[in-house]
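Each chain is listed here by its residues.
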Amino acid sequence: MARLDPRPFANVEYLENPSQEALVALTLEHTPAVLKTAAGSLNKVSRNKARMAKYTYIIEDREDHPWNGGVISSEKAKGIIERQNAYIAEKGQLITVDGYVGLGERAFGATWLYTVEGANIAAMQQILSFPRNEVESGDTLKAPFKPHFRLVYTPNLFLEDMPGKQAIIVDMENWTTHVIGADYFGESKKGVLRMLNHYVWEDGGLVLHAGAKAVTKSDGERVTMTVMGLSGTGKTTTTFSKQGEITEPIQDDMVALWPKGELSITENGCFAKIDGLKLETEPVIYKGTTSSDAWLENAFLNADGSFDFEKGILSPEEAKRLREVLILTNANEANLDKYIAGEVPASEVVSELGVPKDGWDFVKWTQNGRSIIPMSSIPGAADLTAIPAVKSMGILNRDEGADAATPGILRFVSPEQAAGYFMLGETSKTSAAGKDRGKTRSPFTQPFFPAKHNLQAKRFAELAATMDDVSMWLMNTGYVGGDARDVKAGKGLKVKIRHSSAMLEALLSGNIKWKIDPDFGYEVVDVDAPENAALVEKVPAEILEPRRHFEKSGRESEYRVWVDSMKTQRAKFLEKFEVDPKIISAVSH
């Protein structure tokens, strides 16, 4: 792989790797819609509330191409990139961040370039990347930086002729991503990680959208556990929660799996979801988020700058206080003023499910607020230079709705069965998806894998064949038999953080007595076994074996319909991606 020029623009002043203090000053001077918190940190309220996959395009001219997402012709991409180049020349300055994705022999260099209105994004990216002096030494460190990947970010260049007035253009041939018109940090973070996905696959590995933690077993052996999951399913929470004193967090979002269970990391911190954040349940993330050196995105602040992680509907008074910020982030000004004046109540423009009507999104504060926390602020983190081999691999399904019947925890009986469920990537869409709610499937929970998705299942099968004694499992982090409203009505059950921790602790200790589920063929907790009595005291039997909840509530027929529906849907989904028939058979049971 040819290394890239980290400074490709002539006649531009490069603000070379500024300090965090300098980035704070640049943000306050140039970044719109930034609020100061009571802790002294900065909170950017962004126009985009999530990553925009629908505005992401890979440059491609072939009709029969290898990509799974949107593409754009090289001619059209060239014109847009030239407009970005002209905008950069007009601005005259670029903030640079040089660093590495990962550590050690599997570290990949990257350069991120931002026009000054993206200073807050540069600051957040700088925290997540590993500095050169932690990867290079001696003469190499003294030489000019030659990155593997490059990302160019212009948040306030709007493309009037493109959907959403924005575009994320991925040039895989030159390992460069151009982010234009978006202002959400995730486009910076995932822009390089998307390219890393393809590079690692070409090099014989597989990037997992997964958290990872080191586990010390009772016999003293240290192993690594990976936890896959879509945004909002609980990867970060699971990664940084304690299971006794036997786990140490490694990463919360993306890791690369290599033959024989070797694991390489990507980031020097975490990008944590903060909706509903509580000190009692997530102390590490809470303390990191509320520290003075954190960077925040779309957190709700009270008038005194204090945090409200539970904010839902804005009052007219709050909307008035935040009017300028809301207008800067694309709120409908006429609707906003009607709401502030009390002419339109929230009940008329927000549904019972909490979804605002078009033009009224500002009424409900986004539930996709985020914070950047450096690994140095994470107590008890693992030694990132000595990561043990992977011996436990799990996936999170935040099941929700009347047909939520996924067991609290289950164990797969074969690598083929695990590969099938990993390929399904099932969950319920969360607030990170905006209005687009409901059940979803995303292969390997990896919307960032740019090539055809069946290649993930193929590569996983190849890697699994090189790995011995690996436990593979799935955990439900959502609900059984309903949603939050059903829990309040006594008709459903919520899988709470303490339940998840108890299930993982039992799994890691090897103390669970399992039994085969007759419908799906995977293993579930035998809730009647004396060996599981301690676990059942901590986690309701109906969560561990959801069939019991449906039987007790007279809804057994609903459960049977769900079983039949899942088998049919899963088989069709896997067949669509031309997955190996052995894998499909293992899932269909």
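What counts and what doesn't
Residues numbered from 1 in each chain as written. Predicted model: local features only at pLDDT ≥ 70, side-chain atom pairs only at ≥ 80, totals over all residues. Heavy atoms only, no water. Helix = DSSP H or I, 4+ residues; strand = E, 2+ residues; numbered from the N terminus. Expected span 1.5 Å × (residues − 1). Buried < 20%, exposed > 50% of the residue type's maximum accessible area, 1.4 Å probe, protein only. Arc of directions from axis to C-beta. Pairing = 2+ DSSP bridges. Contact = heavy atoms within 4.5 Å. Axes fitted to C-alpha atoms, helices over the stretch in contact; angles between N-to-C directions. Salt bridge = Lys/Arg side-chain N within 4 Å of Asp/Glu carboxyl O. Core = buried A, V, L, I, M, F, W, Y, C linked by side-chain atoms within 4.5 Å. Polar contact = N/O pair within 3.5 Å; in protein donor to acceptor, adjacent residues only side chain to side chain. pLDDT = per-residue confidence, 0-100.

When the terminal C-alpha atoms of helix α2 (residues 74-91) are compared, their 25 Å separation across 18 residues agrees well with the 26 Å that a helix rising 1.5 Å per residue should span. Among the residues of α2, those classed as buried are Ala77, Ile80, Ile81, Gln84, Tyr87 and Ile88. All buried residues of α2 project into a common sector of 110 degrees when viewed along the axis, lining one side. Turned more than 90 degrees away from the buried face of α2 sit Glu75, Lys78 and Glu90, all of them exposed. Trailing α2 by a residue or two, Gly92 shows a phi angle of about 85 degrees, which is positive.

Two orientations exist for strands paired in a sheet by backbone hydrogen bonds: parallel and antiparallel. Across the sheet, 8 strands lie side by side as β1-β6-β7-β8-β10-β9-β4-β5; this open sheet has mixed pairing. Looking at the sheet topology across the chains shown, the edges are occupied by β1 (13-15) and β5 (71-72). Examined bridge by bridge, strand β4 (residues 56-59) and β5 share 2 bridges and lie parallel to one another. The partner of Ile58 across the bridge, within β5, is Val71. Against the sheet, α2 makes contact with β4, β5, β6 (93-101), β8 (149-154), β9 (167-171) and β10 (176-180), and its axis sits at roughly 65 degrees relative to β8, the strand it touches most.

For the rest of this paragraph, the subject is the pattern of salt bridges. This structure, assessed with the given rule, holds 37 salt bridges. Among the ionic pairs, Arg459 bridges to Glu462, the shortest N-O distance being 2.9 Å. Separated by 3 residues within a single helix, Arg459 and Glu462 lie in helix α13 (residues 454-464), roughly one turn from each other. On the accessibility criterion, Arg459 (11% relative accessible area) is buried. Taking the relative accessible area as the measure of exposure, Glu462 reaches 36% and is therefore partly exposed. Where salt bridges share partners, they join Lys189, Lys190, Lys235, Asp253 and Glu267 into one cluster.

A few words now on the pairing of β4. Moving residue by residue along a regular strand, the side chains alternate between the two faces of the sheet. Inspection of the sheet shows β4 paired to β9 by 3 bridges, in the parallel sense. Along β9, the bridge assignment pairs Ile58 with Val170.

On to the nonpolar core. Membership of the largest hydrophobic core comes to 96 residues, with the highest contact counts inside it found for Leu208, Met393, Phe412, Phe422, Phe444, Phe460 and Leu535. With 7 residues, the single largest contributor to this core is helix α19 (residues 556-576). If we skip the residues at most four places from it in the chain, Leu208 touches Thr226, Met228, Asp253, Met254, Val255, Leu257, Met393, Phe444 and Gln446. One finds Tyr114, Ala122, Met172 and Ala256 within the second-largest nonpolar core, a separate group that totals 62 residues.

Another aspect to go through is helix α20 (residues 581-588). Within the span of α20, buried status applies to Ile583, Ile584, Ala586 and Val587. Burial along α20 is one-sided: seen end-on, the buried residues are contained in an arc of 160 degrees. More than 90 degrees from the buried face of α20, the exposed residues found are Pro581 and Lys582. Elements that come into contact with the buried residues of α20 comprise α12 (415-424) and α19. Structurally, the start of α20 carries an N-cap: the backbone nitrogen of Lys582 is 2.8 Å from a side-chain oxygen of Asp580.

For the protein chain, per-residue confidence averages 94 on the pLDDT scale, and 98% of positions sit at 70 or higher. Counting contacts from residues 431-437, a segment whose pLDDT is below 50, to residues more than four positions away or on other chains yields 17 contacts.

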